[in-house]
Amino acid sequence: MAGKRVIAICQSGGEFETDKDGFLSYKGGDAHAMEMDEKMNYNDFKMEVAEMFNCSLATMSVKYFLPGNRQTLITISNDKDLKRMIKFHGDSDTTEIYVMTEEAVNPDFSNMPGSRSSRTTLSEMAVPVEAPLSVVEDIVDDPNEPGLLLDANFDVVGDTNNVDDTIEIEAEMPFPVSFAAANYDEKNAKAAQQWQNDITGVGQRFSSVHEFRETLRKYAIANQFAFKYKKNDSHRVTVKCKAEGCPWRIHASRLSTTQLICIKKMNPTHTCEGAVVTNGYQATRSWVASIIKEKLKVFPNYKPKDIVTDIQKEYGIQLNYFQAWRGKEIAKEQLQGSYKEAYSQLPFFCEKVMETNPGSLATFTTKDDSSFHRLFVSFHASLCGFEQGCRPLLFLDSIFLKSKYQGTLLAATAADGNDGIFPVAFAIVDSESDDNWRWFLLQLRTALSTCRGITFVADREKGLRESIAEIFQGEDVFHGYCLRYLSEQLIRDVREQFSHEVKRLLVEDFYGAAYAPKPEGFQRCVESIKSISLDAYNWVMQSEPINWASAFFRGMRYNHMTSNFGELFYGWVSDAHDLPITQMVDAIRGKIMELIYTRRTESNQWVTRLTPSMEENLEKESLKVNSLQVLMPNGTKFEVRGDTIEVVDIEQCDCSCRDWGLTGLPCCHAIAVMGCLARDPYDYCARYFTADSYRSTYSESIHPIPSLEMPKKKDASEAAVTVTPPPTRRPPGRPTTKKVGSHEVARRQLQCSRCKGTGHNKSTCKEVLLES
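Quantities reported herein were computed from a predicted structural model and do not represent experimental measurements.

Trainee: Help me understand the UniProt feature "domain: SWIM-type" (unreviewed entry) in the chain, please; the structure alone is not making it clear to me.
Mentor: The feature "domain: SWIM-type" (unreviewed entry), as given by UniProt, occupies residues 646–678 in the numbering adopted here. Its end C-alpha atoms 20 Å apart, residues 646–678 is made of 42% helix and 18% strand.

Written out as structure tokens, the structure reads:
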């Protein structure tokens with residue numbers, strides 16, 4: 001689309017409206033037009049848009065709809081996003097973009113969550129429906145308990161031993177300073193000033209005792225004094241100033257035959273010095289949540305330590321870390337919905353997945369006590385794409401979830417014809433166990449229309465070796481062991497003490513043995529291992545090389561030797577792990593939907609017969625042909641001479657170098673023979689690498705799930721499946737955030753720079769170096 005110019009209709013100041021089918025329309029605001037092309041960079045584009053609408057760069061975000069999709073908004077946040085937007089609209093002369101600011105976020109826009117990446121679905125501006133106030137009040141505002149008195153000497157009064165109050169110490173990053181944050185602080189400062197007159201005196205009425213308590217807290221914060229309850233129940237509240245001897249006092253009680261609360265007595269006079277005399281002010285975690293909720297929408301990574309700082313700066317209230325963390329948890333629950341409620345929605349959610357995406361499989365199981373056990377999801381577009389266009393190759397791996405209720409995600413991913421990740425199925429389980437992997441494979445076998453000829457690349461532990469052999473018995477299925485897991489186990493199991501350098505050489509030789517296409521190459525590598533360690537050699541020979549060495553493996557793994565192929569997919573999961581379970585699954589669904597649409601759009605512009613990466617690989621092999629000599633005997637077998645002498649059987653699509661059979665693309669020896677026979681190498685490439693097969697992979701679409709609101713039961717006696725959260729909870733302490741592949745990083749082993757040994761450093765090294 002070189003030289004293509006697009007007229008962008010820029011709109012701002014309006015609001016999005018959602019119709020009954022989930023389609024969005026933009027109403028109101030101003031509109032301006034600007035011309036743009038692929039040469040325009042993101043910074044110039046954003047500057048021009050900001051000047052156009054006279055808005056701040058810091059608070060502005062720009063979004064657009066994918067062509068033909070009025071349910072998903074994509075954010076433009078860098079040059080690549082901008083060029084992709086222009087490319088997507090290559091068939092149109094115009095495109096519509098929407099300029100949003102912090103104030104322009106529409107709380108009724110959607111209740112669907114998503115990733116926080118730069119190119120996300122509508123979640124970046126979506127605000128989920130708030131949980132009922134009762135969810136919060138049950139936690140912090142029991143009318144029979146005193147409020148939470150916050151001061152320097154007495155941080156929390158009340159019950160803090162609830163199991164739900166486990167503290168999560170988060171990785172601390174500086175809170176981003178921006179115009180959005182500055183505007184928000186100024187707004188709250190004004191709000192605090194307005195609270196100074198919220199209590200007017202005797203006769204003032206409130207709709208509930210909760211409303212009176214909340215108004216009283218704000219009044220005390222704005223006027224900088226602390227109070228304590230003398231009476232506090234569902235129908236009366238008596239409060240006095242916390243300062244000793246201060247006469248300020250207020251009493252409110254219920255008006256008879258109504259739910260209204262009325263102030264009956266009040267002494268509005270303070271003889272104390274307010275903030276000078278008292279050490280803190282009346283506040284609750286629900287109040288903290290109400291203050292930070294708007295900011296948390298814009299900055300999801302708002303840290304508790306920054307909450308403490310901001311509350312102190314804006315309101316003069318000194319919170320401790322726990323109060324800030326719990327306030328954030330309550331705000332997240334109000335924004336995202338209840339974690340507990342999400343589990344109860346699972347039966348309805350699975351029904352909606354299969355209803356909106358016919359041919360999909362979404363199922364779950366519970367334990368005897370109705371607590372969540374496991375959930376399996378595979379969309380029809382993923383199943384169809386794998387069977388129509390992908391190689392019969394599935395990678396099985398897992399990632400630990402650091403959500404409120406922990407758990408593990410099990411996944412089966414495939415490789416498309418361009419060697420890109422293609423998610424096929426995933427499951428959320430309470431823990432990674434032999435039984436859960438077996439259940440996952442049973443569901444996967446049910447979801448796939450045929451399993452014949454599939455090669456699984458997976459760990460041999462966790463019961464996978466036995467489960468794959470049992471569940472897919474008679475299906476001509478192969479299990480290729482993951483080299484990454486094998487090499488880690490090799491280093492663990494060999495008891496000899498090796499230096500870091502020796503370990504590196506052992507792993508290199510092990511990988512060399514695995515990739516060697518011929519038995520003699522495999523033997524050379526294992527002999528090299530034997531020269532280093534006899535124990536390591538014995539371990540390698542007893543590790544079933546027929547399941548991991550290319551020279552002996554009977555299936556087709558197309559030189560994919562490790563199971564952590566789906567790193568992109570695991571990144572999506574990490575972005576959404578702190579969402580309630582149904583919203584996490586829907587966020588993953590949105591990412592897969594966007595992936596399918598993007599790759600389908602890009603592939604429609606290809607003019608080559610193979611996918612780009614396979615075109616490049618074939619071209620590299622073709623460049624080696626000039627140095628080869630082909631001998632033309634009678635028959636179908638040809639001798640090709642170069643650095644080695646190889647035999648090519650053109651009819652059997654086989655070469656003695658074995659590269660053709662291992663990769664699915666003709667090797668340089670086969671291409672040399674085809675040149676002599678005036679045949680086209682493209683006709684001898686595996687069909688999975690053609691552009692047409694790639695387009696078949698992404699031909700089906702994943703459809704949105706319009707609403708997650710559960711319908712009301714028509715009959716109170718109607719049976720319903722109850723699902724409660726699992727008993728596991730996130731432990732206290734800072735969660736690990738760094739990763740190697742899809743797994744957590746182990747602590748780096750200490751290595752001596754002197755003797756290269758492990759477990760000590762040079763200052764404690766006992767080895768005596770003799771110098772001649």
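From this point, the discussion proceeds with the structure in view.
Trainee: Please explain unusual backbone geometry as it appears in this structure.
Mentor: Trans is the prevailing form of peptide bonds, just as negative phi is the prevailing case for residues other than glycine. With phi around 75°, Ser370 is a residue other than glycine that occupies positive phi space. Inspection of the secondary structure assignment puts Ser370 in the loop between strand E13 (361–366) and strand E14 (372–378). For Ser370, a relative accessible area of 25% translates into the label partly exposed. In this model, Tyr558 sits at a positive phi of 50°, which is unusual for a non-glycine residue. Along the chain, Tyr558 falls in the loop between helix H17 (534–541) and helix H18 (567–576). The exposure class of Tyr558 is buried, given its relative accessible area of 11%.

Trainee: Would you mind showing me how to read the sheet that holds strand E22 (residues 645–649) here?
Mentor: Strands in a sheet are paired, the pairing made by backbone hydrogen bonds, and the direction either parallel or antiparallel. As summarised here, the arrangement of the four strands in space is E20-E21-E22-E23, forming an open sheet in which the pairing is antiparallel. Each end of this open sheet is capped by a strand with a single partner; those strands are strand E20 (629–631) and strand E23 (654–655). Of the pairings in the sheet, the one linking strand E21 (residues 637–641) to E22 comprises five bridges and is antiparallel in character. Each residue of the ladder has a partner; that of Phe638, found in E22, is Val648.

Trainee: It is not clear to me how helix H8 (residues 321–336) should be interpreted in this structure. Could you clarify?
Mentor: Each α-helix winds once per 3.6 residues, and so residues spaced three or four apart point in a common direction. If you check H8, its first and last C-alpha atoms are 22 Å apart, about what 16 residues at 1.5 Å a residue would give, namely 22 Å. A large share of H8 lies buried, amounting to 15 of its 16 residues. Between the side-chain oxygen of the N-cap and the backbone nitrogen of Phe322 there are 3.2 Å, and the N-cap of H8 in question is Asn320. Gly337, located one to two residues past H8, shows a positive phi value of around 100°.

Trainee: How do you make sense of the nonpolar core when you look at a structure like this?
Mentor: The tendency in soluble globular proteins is for nonpolar side chains to be buried as a group. Core analysis: the largest hydrophobic core is formed by 107 residues, its most contacted members being Leu396, Leu409, Phe440, Leu444 and Phe569. Not counting the four nearest positions on each side in its chain, Phe440 is found in contact with Phe376, Leu396, Leu410, Ala411, Ala412, Ala425, Phe426 and Ala427.

Trainee: Which parts of the structure should I look at to understand empty space enclosed by the protein?
Mentor: Vacant regions in the atomic arrangement are exposed by a probe of water-molecule size rolled over the atoms. Counting across every chain of the model gives six cavities of 30 Å³ or more. The calculated volume of the largest cavity comes to roughly 110 Å³. Along the walls of the largest cavity sit 17 residues, with Tyr343, Ser403, Tyr405, Gln406 and Ile428 positioned nearest its centre. At the level of secondary structure, the elements contributing two or more residues to the lining of the largest cavity comprise helix H9 (339–344), strand E17 (421–429) and helix H19 (581–603). A class-by-class count of the residues in the lining of the largest cavity yields twelve nonpolar, four polar and one charged.

Trainee: Sorry, what's going on with the side chain of Asn564 here?
Mentor: Tracing the backbone shows Asn564 in the loop between H17 and H18. Residue classification places Asn564 among the buried residues on the basis of a relative accessible area of 15%. Side chain to side chain, Asn564 and Thr562 meet in a polar contact 3.0 Å long.

Trainee: How do you make sense of a positive patch on the surface when you look at a structure like this?
Mentor: The grouping of Lys230, Lys231, Arg249 and Lys265 at the surface amounts to a positive patch. Mapped onto the secondary structure, Lys265 falls in strand E12 (residues 261–267).

Trainee: Looking at this model, I keep getting lost on helix H5 (residues 209–223). Mind explaining?
Mentor: For H5, which comprises 15 residues, the first-to-last C-alpha distance of 21 Å matches the rise-based estimate of 21 Å (1.5 Å per residue) to within 8%. For H5, the tally of buried residues reaches eleven of 15 residues, placing the bulk of the element in the interior. Turning to H5, its buried residues are Val209, Phe212, Arg213, Glu214, Thr215, Leu216, Arg217, Tyr219, Ala220, Ile221 and Ala222. Immediately downstream of H5, the backbone of Gln224 shows phi near 55°, a positive value.

Trainee: I keep staring at a negative patch on the surface and nothing clicks. Help me out?
Mentor: Together, Asp44, Glu48, Glu51 and Asp79 make up a region of like negative charge exposed at the surface. Counting residues per element, the negative patch draws most heavily on helix H1 (residues 42–53), which supplies three residues. Along the chain, the position of Glu48 falls in helix H1.

Trainee: What is the right way to look at the confidence of the model for the chain in this model?
Mentor: As a note on interpretation, predicted positions should not be read in detail where pLDDT is low. Mean pLDDT over the chain stands at 78; residues scoring 70 or higher make up 78%. Confidence, expressed as mean pLDDT per element, reaches its minimum in the chain at helix H3 (residues 133–140) with 32 and its maximum at helix H23 (residues 691–697) with 96. Here residues 713–719 is a poorly scored stretch, pLDDT under 50, and it has two contacts once near neighbours within four places are set aside; other chains count.

Trainee: Any chance you could explain the pairing of strand E7 (residues 94–100) here in plain terms?
Mentor: Taking burial as the measure, the seven residues of E7 include five buried ones, the bulk of the element. Taken together, the six bridges between strand E1 (residues 5–12) and E7 define a ladder with parallel strand orientation. Across the sheet, residue Ser12 finds its bridge partner in E7, namely Val99. Across four bridges, strand E5 (residues 61–65) lies against E7 in antiparallel orientation. Residue pairing in the sheet places Ser61 in a bridge with Met100 of E7.

Trainee: Would you mind showing me how to read the state of the cysteines here?
Mentor: Note: disulfide means a covalent bond formed between the sulfur atoms of two cysteine side chains. Under the definition given, this model contains zero disulfides. Cys667 takes part in no disulfide bond, and the closest cysteine sulfur to it belongs to Cys655, at a distance of 3.7 Å. Since its relative accessible area comes to 2%, Cys667 is described here as buried. The cysteine Cys668 is free of any disulfide, with Cys667 supplying the nearest cysteine sulfur at 5.6 Å.

Trainee: What is the right way to look at the pattern of salt bridges in this model?
Mentor: Between side chains of opposite charge, a pair can form as their charged atoms come close. One pass over the full model with this rule turns up 32 salt bridges. Put simply, Arg465 and Glu544 hold a salt bridge, and the shortest N to O gap is 2.7 Å. Placement of Arg465 in helix H13 (residues 464–471) and of Glu544 in the loop between H17 and H18 is noted, with a sequence separation of 79 residues between them. Accessibility expressed as a relative area gives 29% for Glu544, which makes it partly exposed. For Glu639, the salt bridge is made with Arg641, and the minimal N-O distance between the two is 2.6 Å. Overall, Glu639 belongs to the partly exposed group, its relative accessible area being 25%. In this structure Arg641 comes out as partly exposed when scored by relative accessible area, which is 39%.

Cut-off values and rules
Residues numbered from 1 in each chain as written. Predicted model: local features only at pLDDT ≥ 70, side-chain atom pairs only at ≥ 80, totals over all residues. Heavy atoms only, no water. UniProt positions renumbered as here; feature names shortened; annotations may be inferred. Helix = DSSP H or I, 4+ residues; strand = E, 2+ residues; numbered from the N terminus. Buried < 20%, exposed > 50% of the residue type's maximum accessible area, 1.4 Å probe, protein only. Pairing = 2+ DSSP bridges. Expected span 1.5 Å × (residues − 1). Polar contact = N/O pair within 3.5 Å; in protein donor to acceptor, adjacent residues only side chain to side chain. Core = buried A, V, L, I, M, F, W, Y, C linked by side-chain atoms within 4.5 Å. Contact = heavy atoms within 4.5 Å. 1 Å grid on protein atoms, 1.4 Å probe; cavity = no way out; pocket = protein on both sides within 12 Å on 5 of 7 lines; lining within 4 Å. Points joined across faces, edges and corners; volume = space filled by probe spheres on them. Nonpolar A, V, L, I, M, F, W, Y, C, P; charged D, E, K, R; others polar. Patch = residues over 30% accessible without salt bridge, like charges linked within 9 Å, V, L, I, M, F, W, Y side chains within 5 Å. Areas by Shrake-Rupley, 256 points an atom, 1.4 Å probe, with all protein chains shown as cover. Salt bridge = Lys/Arg side-chain N within 4 Å of Asp/Glu carboxyl O. Lys, Arg positive; Asp, Glu negative; His and termini not counted. Charge placed at Lys NZ, Arg CZ, Asp CG, Glu CD. pLDDT = per-residue confidence, 0-100. Disulfide = S-S within 2.5 Å.

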